[in-house]
Amino acid sequence: MVETPVKQRGRPARDSRSVEETRDVSLQAALTPVSERGFEGVAVRDIAAKAGVEHSLVRYHFTDKATLWRAALRKLIDRMNEERAASWRATRGQPLIERFKQYLRDYVRYCAHHPEHARIMVHETVGDSDRTAWIADEIVRPQHRAGRKTLTMLMDEGHLPRMEPRHLIYMIAAAAQAPFTLAGEVRHAYGVDTSTDAEIEAHADALIATFLRG
């Protein structure tokens, strides 16, 4: 999904990187601090410093913090959707239950490799703000709409318990994300590093065994 260009103002500071490189490094640099401190706790100067980009350049490309925040989330969601689509394409022709198992496994891997995703969502959606509404409209509704049909078909086949798909969507998402979103807690409580391949695969196995019948 292509971000709508914003009107650029003023004259940016000089930088050896291309416009696209500057945008990409700024967006990537925004994700970690926003996931740790939330939108209100991060300044554009913090993001510019982390990216190694002049503050004026970030302002030039994104106008304000809200525009940068939306572009950073869009980049995160596009990356997740690309990985999901690749997983779904790779299992084309297989029974739906096998495709869904692989989808769950790949989703757990995504959550492990990008814990900032769930942390940002928690920060920004526990309350009610313009950002919460934007996330619901631009991210949550389209994704849930796509997943409901698959979940309903799996319920009809007897592979999932019968319920309103919304409940199952949130349960699966929470279960897949939890040990990676709360990696520090798991490390101190259990002495486990959830970022290892062995832990990631073990959690995927547990998720599949918990939700899928038979």
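The rules behind each value
- Residues numbered from 1 in each chain as written.
- Predicted model: local features only at pLDDT ≥ 70, side-chain atom pairs only at ≥ 80, totals over all residues.
- Heavy atoms only, no water.
- Salt bridge = Lys/Arg side-chain N within 4 Å of Asp/Glu carboxyl O.
- Helix = DSSP H or I, 4+ residues; strand = E, 2+ residues; numbered from the N terminus.
- Buried < 20%, exposed > 50% of the residue type's maximum accessible area, 1.4 Å probe, protein only.
- Axes fitted to C-alpha atoms, helices over the stretch in contact; angles between N-to-C directions.
- Left-handed = near helix turned anticlockwise from the far one by under 90°.
- Contact = heavy atoms within 4.5 Å.
- Nonpolar A, V, L, I, M, F, W, Y, C, P; charged D, E, K, R; others polar.
- 1 Å grid on protein atoms, 1.4 Å probe; cavity = no way out; pocket = protein on both sides within 12 Å on 5 of 7 lines; lining within 4 Å.
- Points joined across faces, edges and corners; volume = space filled by probe spheres on them.
- Phe/Tyr/Trp six-rings, centres within 6.5 Å; stacked < 30°, edge-to-face > 60°.
- Lys NZ or Arg CZ within 6 Å of the ring centre and 35° of its normal.
- Parallel < 35°, antiparallel > 145°, perpendicular 65-115°, else oblique.

**Quick notes on the pattern of salt bridges**
One pass over the full model with this rule turns up 14 salt bridges. For R109, the salt bridge goes to D106, with nearest N and O atoms at 2.9 Å. Residue R109 and its partner D106 are both found in helix α5 (residues 96-113); the two are separated by three residues, about one turn of the helix. Overall, the relative accessible area of 27% leaves R109 in the partly exposed class. The closest approach of N and O atoms between D137 and R141, which form a salt bridge, is 2.1 Å. Of this pair, D137 and R141 both sit in helix α7 (residues 130-156), four residues apart, roughly one helical turn. Residue class for D137 comes out partly exposed when judged on its relative accessible area of 43%. According to the relative accessible area criterion, R141 is partly exposed, its value standing at 48%. The structure contains a network of salt bridges with shared partners spanning R105, D106, R109, E201 and D205.

**Re the side chain of S87**
Along the polypeptide, S87 turns up in helix α4 (residues 65-90). Take S87: its relative accessible area is 6%, and that puts it in the buried class.

**Focus: the packing of α4 against α5**
One way to put it is that α4 packs onto α5 with a least axis distance of 9 Å and a crossing angle of 145°. Here the hand of the crossing between α4 and α5 comes out right-handed. Mapping the contact onto sequence places L76, M80, E83, R84, S87, W88 and R89 in α4 and L96, R99, F100, Q102, Y103, D106, Y107 and Y110 in α5. Split into classes, the residues belonging to the contact of α4 with α5 amount to eight nonpolar, two polar and five charged.

**Looking at empty space enclosed by the protein**
This model, assessed by the stated rule, comprises three cavities of 30 Å³ or more. Its boundaries defined by the atoms lining it, the largest cavity holds a volume of some 60 Å³. Forming the walls of the largest cavity are M80, E83, R84, S87, Y103, D106, Y107 and Y110. Broken down by class, the residue content of the lining of the largest cavity amounts to four nonpolar, one polar and three charged.

**Thoughts on the packing of aromatic side chains**
Counted by the stated rule, this structure contains five aromatic pairs. Judged by centre distance (6.4 Å) and plane angle (10°), the rings of Y103 and Y107 are stacked. Of the two residues, Y103 and Y107 are both situated in helix α5; the distance of four residues between them amounts to about one turn of the helix. According to the relative accessible area criterion, Y107 is buried, its value standing at 10%. Sitting over the ring of F39, K65 keeps its end group 4.3 Å from the ring centre.

**Some words on unusual backbone geometry**
Despite not being glycine, T63 shows a phi value in the positive range, around 70°. Mapped onto the secondary structure, T63 falls in the loop between α3 (55-62) and α4. Judged by its relative accessible area of 18%, T63 falls in the buried class.

**Topic: the layout of surface pockets**
Within this model, the largest pocket holds a volume of roughly 1000 Å³. R84, Y103, Q143, H144 and I169 are the residues nearest the centre of the largest pocket, which is lined by 37 residues in total. Sorting the residues of the lining of the largest pocket by element identifies α4, α5, α6 (115-125), α7 and α8 (165-181) as the ones contributing at least two each. If you tally residues by element for the lining of the largest pocket, the top one is α7, at ten residues. Its residues assigned to classes, the lining of the largest pocket comprises 24 nonpolar, ten polar and three charged.

**Topic: the packing of α6 against α7**
Orientation of α6 relative to α7, taken along the N-to-C sense of each, is 130°, at an axis distance of 8 Å. The angle between α6 and α7 falls in the class oblique. Here M121, E124 and T125 of α6 come into contact with α7, specifically with R131, T132, I135 and I139. Split into classes, the residues belonging to the contact of α6 with α7 amount to three nonpolar, two polar and two charged.

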